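Here is how the chains run, residue by residue.
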Amino acid sequence: MPGTDQDGEHLVRQLVDYADGLLSVSDSCATPVADQSAETCDVWRQLMGILGDCSEDTDGTRRLIRLLMCHAGLQLFYDRSSSTDLLKELFTIHSKVTEVKMVVKDEPHWTEVLTDVLLGFLAQPSQLWRTLCKQVYRHITSHITSDALELVIKVLDPRCKEELHGYLQLVGDDEAAAQEESTDEEEVADSVASGEERCSSTSEDDDGESDMEFEVDEEFRKEIKAALGDAALPSSEGEDIAADDDLDDEAMSKIDGALARAFQARKKSLSLKKERKDFNHQLMDFRLRVLDLVEVYIRWQSKSINSLDLILPLFRLMMSCSNESLPLANRAANIFSKKLCHAKEVRYSTETSLIVRLDKFFCCRNLPLLGFLWV
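Only a predicted model underlies this, so the values are computations on that prediction, with no experimental measurement involved.

### Here's the deal with the overall build of the protein
Part 1 of the argument: Counting its secondary structure elements, the protein contains 15 helices and 2 strands.
Part 2 of the argument: Taking all 375 residues of the protein together, 34% fall into the buried category.
Part 3 of the argument: Approximately 23,200 Å² of the protein is accessible, and the part contributed by carbon and sulfur atoms is 51%.

Next up, the structure:
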């Protein structure tokens, strides 16, 4: 197995043991960069207690959960808040897998909780987490319930785009963005004035060049014209210029303030547009990583009745992708046609479970899908 030594022990486990040895020695030459809180110390001790448990593990599930604990435990040294919550969830999953007890009705199955944790890992742009999630998911596919698989399907559903903000974080510092929005109006007004002077000199020299900072379109032109008000006069080229010969200082000050607000609104609009573009790019990368789990599930559970639940989500993903997300559509089409459609047999416990899934296909209003399934 990758990441293990000759004895089959995970290398990250050895690293955790080494860190614990440094922390347990009072006169150690190594000290944590930040002071560890009492809660963090308790979580670390609980982690070492679970890792030291040598109880029998029949299918290797608990061993892989402990592997996730080791990686999450190392994050305690630089990201205490999120790692503490993550480890507590993994402790709960480990106890549910270990203990044999009656399942509570309102309590989610441990595979649902673990799948949600794996999706959180996949949201991070890390090749290590991507490989680790595939390795863990491979070993729990036989335990995956329909509700746990539904969490994966929900991520791939184009209609659930806005519900995925919990997994993804926009790139950039919110405080820096707030500072950009709170730019001093006088500085913006100065840039507006210099921009007007450059535009005036350009029109007088007729050299066809422009030094405008913003891209000028018809909507922005209307905003500037509304800010200028009566001071805006149409030029022969269809552009609006300010007739400032008859304006006093008070009127010019009002115009400068209005122009400053117009440019600030434009800047904010461009910033929001960039944020949406960044989010869509992150969402596409996230879904590409989640398709790894889908491919793993189909490979090892192609005979499961739950594999039929992946047909509609994959097809919707193929049909809804734009040119910008073409790699996502191609990947979904490849899994759909070369993996899912090559299943030789589907096992189902009752005819009702099969009828329910077939009913979803025939209730779908997408006729090309029905034709494809018929072929």
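Here the narrative resumes.
### Remarks on the side chain of Thr84
Part 1 of the argument: Along the chain, the position of Thr84 falls in helix H4 (residues 80–98).
Part 2 of the argument: In this structure, Thr84 is in contact with Glu39, Thr40, Val43 and Leu76, ignoring residues within four places of it in sequence.

### Concerning a nonpolar patch on the surface
Part 1 of the argument: On the surface, a nonpolar cluster with roughly 320 Å² of combined accessible area is contributed by Leu23, Phe77 and Tyr78.
Part 2 of the argument: One can find Leu23 in helix H1 (residues 11–24).
Part 3 of the argument: Taking the relative accessible area as the measure of exposure, Leu23 reaches 39% and is therefore partly exposed.

### Looking at H1
Part 1 of the argument: Between the first and last C-alpha of H1 there are 20 Å, a value that for 14 residues agrees with the 20 Å anticipated at 1.5 Å per step.
Part 2 of the argument: Along H1, the residues that are buried comprise Val12, Val16 and Ala19. Looking straight down H1, one finds that the buried residues subtend no more than 60° of arc, so they occupy a single side. Away from its buried face by more than 90 degrees, H1 exposes Tyr18 and Ser24.
Part 3 of the argument: Those residues of H1 that are buried are in contact with helix H2 (38–51) and helix H3 (61–74).

### Topic: the side chain of Lys96
Part 1 of the argument: Structurally, Lys96 can be placed in helix H4.
Part 2 of the argument: Setting aside residues up to four positions removed in sequence, Lys96 forms contacts with Glu107, Pro108, Trp110 and Val113.

### Remarks on the packing of aromatic side chains
Part 1 of the argument: Applying the stated criterion to the full structure yields 4 aromatic pairs.
Part 2 of the argument: On the numbers, 5.4 Å between centres and 65° between planes, the contact of Trp44 with Phe77 is edge-to-face. You can see Trp44 sitting in helix H2 and its partner Phe77 sitting in the loop between H3 and H4, a full 33 residues away along the chain.
Part 3 of the argument: Residue classification places Trp44 among the buried residues on the basis of a relative accessible area of 7%.
Part 4 of the argument: For the ring pair Tyr167 and Phe286, a centre distance of 5.7 Å and an interplane angle of 40° mean the geometry is tilted.

### Thoughts on the packing of H1 against H2
Part 1 of the argument: Where H1 contacts H2, the two axes come as close as 12 Å, and the packing angle between them is 130°. When the axes of H1 and H2 are compared, the pair comes out oblique. Pair H1 / H2 crosses with left-handed handedness. Judged by residue contacts, Arg13, Val16, Asp17, Ala19, Asp20 and Leu23 of H1 engage Trp44, Met48 and Leu51 from H2.

### So, the pattern of salt bridges
Part 1 of the argument: Summed over all chains, the structure comprises 11 salt bridges.
Part 2 of the argument: Residues Arg45 and Asp42 are paired through a salt bridge, measuring 2.2 Å at the closest nitrogen-oxygen approach. One end of the pair, Arg45, and the other, Asp42, are both in helix H2, 3 residues apart, so they sit about a helical turn from each other.
Part 3 of the argument: The partner of Glu295 in a salt bridge is Arg331, with the nearest N and O atoms 2.8 Å apart. Here Glu295, found in helix H11 (residues 249–300), pairs with Arg331, found in helix H13 (residues 326–338); they are 36 residues apart in sequence, far enough to count as distant.
Part 4 of the argument: Residues participating in the shared-partner salt-bridge network are Arg130, Asp292, Glu295, Arg331 and Lys339.

### Remarks on the nonpolar core
Part 1 of the argument: Ranked by internal contacts, the top residues of the largest apolar core, which has 70 residues, are Leu68, Leu87, Leu90, Leu114, Leu118, Tyr137 and Leu310.
Part 2 of the argument: Considering every element that reaches this core, the biggest residue donor is H11, with 12 residues.
Part 3 of the argument: Sequence-distant contacts of Leu118, defined by excluding residues within four places in its chain, comprise Leu68, Cys133, Val136, Tyr137 and Ile140.
Part 4 of the argument: Within the second largest apolar cluster, 6 residues are counted, among which are Phe220, Ile224, Leu259 and Phe263.

### Topic: H13
Part 1 of the argument: For H13, built from 13 residues, the straight-helix expectation of 18 Å at 1.5 Å per residue is met to within 8% by its first-to-last C-alpha distance of 18 Å.
Part 2 of the argument: Taken together, the buried positions of H13 are occupied by Leu328, Ala329, Arg331, Ala332, Ile335 and Phe336. Axial view of H13: buried residues confined to an arc of 165°, hence all on one face.

### Description of the confidence of the model for the protein
When pLDDT is low, close inspection of the predicted coordinates is not appropriate.
Part 1 of the argument: Taken residue by residue, the protein gives an average pLDDT of 75. The fraction at 70 or more is 67%.
Part 2 of the argument: Confidence over residues 170–213 falls short of pLDDT 50; this stretch has 26 contacts with residues more than four positions distant or in other chains.
Part 3 of the argument: Here residues 236–244 is a poorly scored stretch, pLDDT under 50, and it has 17 contacts once near neighbours within four places are set aside; other chains count.

### Overview of the packing of H3 against helix H5 (residues 110–122)
Part 1 of the argument: For the pair H3 and H5, interaxial distance at closest approach is 13 Å and the crossing angle is 35°. Note that H3 runs across H5; the crossing there is left-handed. On H5, the residues that touch Thr61, Ile65 and Leu68 of H3 are Trp110, Leu114, Leu118 and Phe121.
Part 2 of the argument: Here the contact of H3 with H5 is composed, by residue class, of 6 nonpolar, 1 polar and no charged.

Quick notes on the rules
- Residues numbered from 1 in each chain as written.
- Predicted model: local features only at pLDDT ≥ 70, side-chain atom pairs only at ≥ 80, totals over all residues.
- Heavy atoms only, no water.
- Helix = DSSP H or I, 4+ residues; strand = E, 2+ residues; numbered from the N terminus.
- Buried < 20%, exposed > 50% of the residue type's maximum accessible area, 1.4 Å probe, protein only.
- Areas by Shrake-Rupley, 256 points an atom, 1.4 Å probe, with all protein chains shown as cover.
- Contact = heavy atoms within 4.5 Å.
- Patch = residues over 30% accessible without salt bridge, like charges linked within 9 Å, V, L, I, M, F, W, Y side chains within 5 Å.
- Salt bridge = Lys/Arg side-chain N within 4 Å of Asp/Glu carboxyl O.
- Expected span 1.5 Å × (residues − 1).
- Arc of directions from axis to C-beta.
- Phe/Tyr/Trp six-rings, centres within 6.5 Å; stacked < 30°, edge-to-face > 60°.
- Axes fitted to C-alpha atoms, helices over the stretch in contact; angles between N-to-C directions.
- Parallel < 35°, antiparallel > 145°, perpendicular 65-115°, else oblique.
- Left-handed = near helix turned anticlockwise from the far one by under 90°.
- Core = buried A, V, L, I, M, F, W, Y, C linked by side-chain atoms within 4.5 Å.
- pLDDT = per-residue confidence, 0-100.
- Nonpolar A, V, L, I, M, F, W, Y, C, P; charged D, E, K, R; others polar.

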